[in-house]
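Here are the chains, one letter per residue:
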Amino acid sequence: MRSTRVWKQLLGVEHTVIEQVDLEGEGVEAVLVAKVRPTRSRRSRCSRCGRRCSGYDQGRGSRRWRTLDLGSTRAYLEAGAPRVRCREHGVVVAEVPWARPDAWFTRAFEDSCAWLAAHAAASTVAELLQVTWRTVTSIVSRVVADAMGSRDLLDGLRRIGIDELAHRKGQRYITAV
């Protein structure tokens with residue numbers, strides 16, 4: 001029981017049942033693979049809207065998502081990828097609580113990658129996380145799109161105007177309050 005809690009914390013997952021943890025390979029090539037599944041309350045949901053849906057089929061078997069490395073060891077989450085039939089979006093892969101739709105990386109990995117990309121060059125982030133710089137840019141795009149969809153940037157805006165003092169000096173500024 002306690003080891004499950006430790007693995008959840010180390011792997012950065014919530015609403016997830018960890019069934020088994022294995023170390024595949026040896027030496028430097030070893031990777032940690034955690035076989036997981038969503039909790040009952042998070043199963044059979046549309047990956048686009050999050051609504052509970054009826055099952056369609058088992059998809060193409062199991063899938064792996066890269067998560068944050070544990071020291072020098074790469075780590076992956078492995079789970080089945082069943083498909084569901086959503087009234088609005090049709091047949092889609094079911095939502096998993098540890099990853100965004102159409103991602104091959106966990107939320108923890110993508111959030112860390114986006115934070116690093118805000119503070120360092122994409123090539124540096126790519127080398128640090130052992131991915132390509134194109135992967136870094138696609139991860140950042142996915143994280144930003146997810147964040148933008150969850151909040152309104154104009155919420156609380158009271159007034160937009162031009163700063164007259166700056167306008168007199170030959171400069172133009174827009175002031176948002």
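As shown above, the structure is provided for reference.
This structure is a prediction, so every number in the text was calculated from the model and none was measured.

Reading guide: rules and limits
Residues numbered from 1 in each chain as written. Predicted model: local features only at pLDDT ≥ 70, side-chain atom pairs only at ≥ 80, totals over all residues. Heavy atoms only, no water. Pairing = 2+ DSSP bridges. Helix = DSSP H or I, 4+ residues; strand = E, 2+ residues; numbered from the N terminus. Axes fitted to C-alpha atoms, helices over the stretch in contact; angles between N-to-C directions. Core = buried A, V, L, I, M, F, W, Y, C linked by side-chain atoms within 4.5 Å. Buried < 20%, exposed > 50% of the residue type's maximum accessible area, 1.4 Å probe, protein only. Contact = heavy atoms within 4.5 Å. Phe/Tyr/Trp six-rings, centres within 6.5 Å; stacked < 30°, edge-to-face > 60°. Disulfide = S-S within 2.5 Å. Salt bridge = Lys/Arg side-chain N within 4 Å of Asp/Glu carboxyl O.

Asks: What am I meant to see in the pairing of strand 4 (residues 62-70) here?
Replies: The two faces of the sheet receive side chains in turn, since in a regular strand these alternate between them. Relative to strand 5 (residues 73-80), strand 4 is paired through seven bridges, and the arrangement is antiparallel. Note on strand 5: the bridge partner recorded for S62 is G80. Counting the residues between successive antiparallel strands, the hairpin from strand 4 to strand 5 contains two residues, one of them, G71, with a positive phi of roughly 70 degrees.

Asks: What am I meant to see in the sheet that holds strand 3 (residues 54-57) here?
Replies: Pairing between the strands of a sheet comes from backbone hydrogen bonds, and it takes one of two forms, parallel or antiparallel. With antiparallel pairing, the three strands of this open sheet are ordered in space as 3-6-7. Because the sheet does not close on itself, it has two edges, and the strands there are strand 3 and strand 7 (90-93). Along the sheet, successive strands turn relative to each other by an average axial angle of 40 degrees, direction set aside. Sheet topology note: the strand 3/strand 6 (residues 83-86) ladder contains three bridges and is antiparallel. Bridging across to strand 6, D57 finds its partner in R83.

Asks: What should I look at first to understand the nonpolar core in this one?
Replies: Among soluble globular proteins, nonpolar side chains are generally buried collectively. In this structure, L11, V13, V36, W65, L77 and W98 are the most contacted members of the largest nonpolar core, which totals 13 residues. Residue contacts for V36: discarding those within four places in its chain leaves T16, V17, I18, E19, L77, E78, A79 and W98. With 11 residues, the next largest nonpolar core counts F109, A114, V136 and V143 among its residues.

Asks: Which parts of the structure should I look at to understand the packing of aromatic side chains?
Replies: For any pair of aromatic rings, the description consists of the separation of the ring centres together with the inter-plane angle of the planes. Per the stated rule, a full pass over the model turns up two aromatic pairs. With a centroid separation of 5.5 Å and 80 degrees between ring planes, the pair formed by W65 and W98 is classed as edge-to-face. With W65 in strand 4 and W98 in the loop between strand 7 and helix 2 (107-119), the pair connects residues that are 33 residues apart, well separated along the chain. Considered together, W65 and W98 belong to a single accessibility category, that of buried residues.

Asks: Explanation requested: the state of the cysteines in the structure shown.
Replies: In a disulfide, the sulfur atoms of two cysteines are held together by a covalent bond. Scanning the entire structure with this criterion turns up zero disulfides. Not engaged in a disulfide, the cysteine C46 finds its nearest cysteine sulfur in C86; these two sulfurs lie 3.7 Å apart. Exposure remark for C46: the relative accessible area of 0% places this residue in the buried category.

Asks: Whenever I open this one, the pattern of salt bridges confuses me. Can you help?
Replies: For side chains of opposite charge, pairing can occur when their charged atoms come near one another. As enumerated under the stated definition, the model contains 14 salt bridges in all. Its salt-bridge partner being R100, residue E110 comes within 2.9 Å of it at the nearest N-O pair. A residue pair is termed long-range when its members are at least 10 positions apart, and E110 in helix 2 and R100 in the loop between strand 7 and helix 2 qualify at 10 residues. Just as E110 is buried, R100 falls in that class too. In this structure, D111 and R100 form a salt bridge, with 2.8 Å as the shortest nitrogen-oxygen distance. On the criterion of sequence distance, the pair formed by D111 in helix 2 and R100 in the loop between strand 7 and helix 2 is long-range, its members being 11 residues apart. Classification of D111 by relative accessible area gives partly exposed; the value is 37%.

Asks: Got a minute to help me understand the sheet that holds strand 4 in this structure?
Replies: Taken together, the four strands give an open sheet; going across it, the order is 1-2-5-4, and neighbouring strands pair in mixed fashion. What marks the edges here is a single partner per strand, and that holds for strand 1 (16-24) and strand 4. The sheet shows a mean angle of 25 degrees between the axes of neighbouring strands, taken without regard to direction. Here strand 1 pairs with strand 2 (residues 31-38) via eight bridges, running antiparallel. Within the sheet, the bridge partner assigned to L23 lies in strand 2 and is L32.

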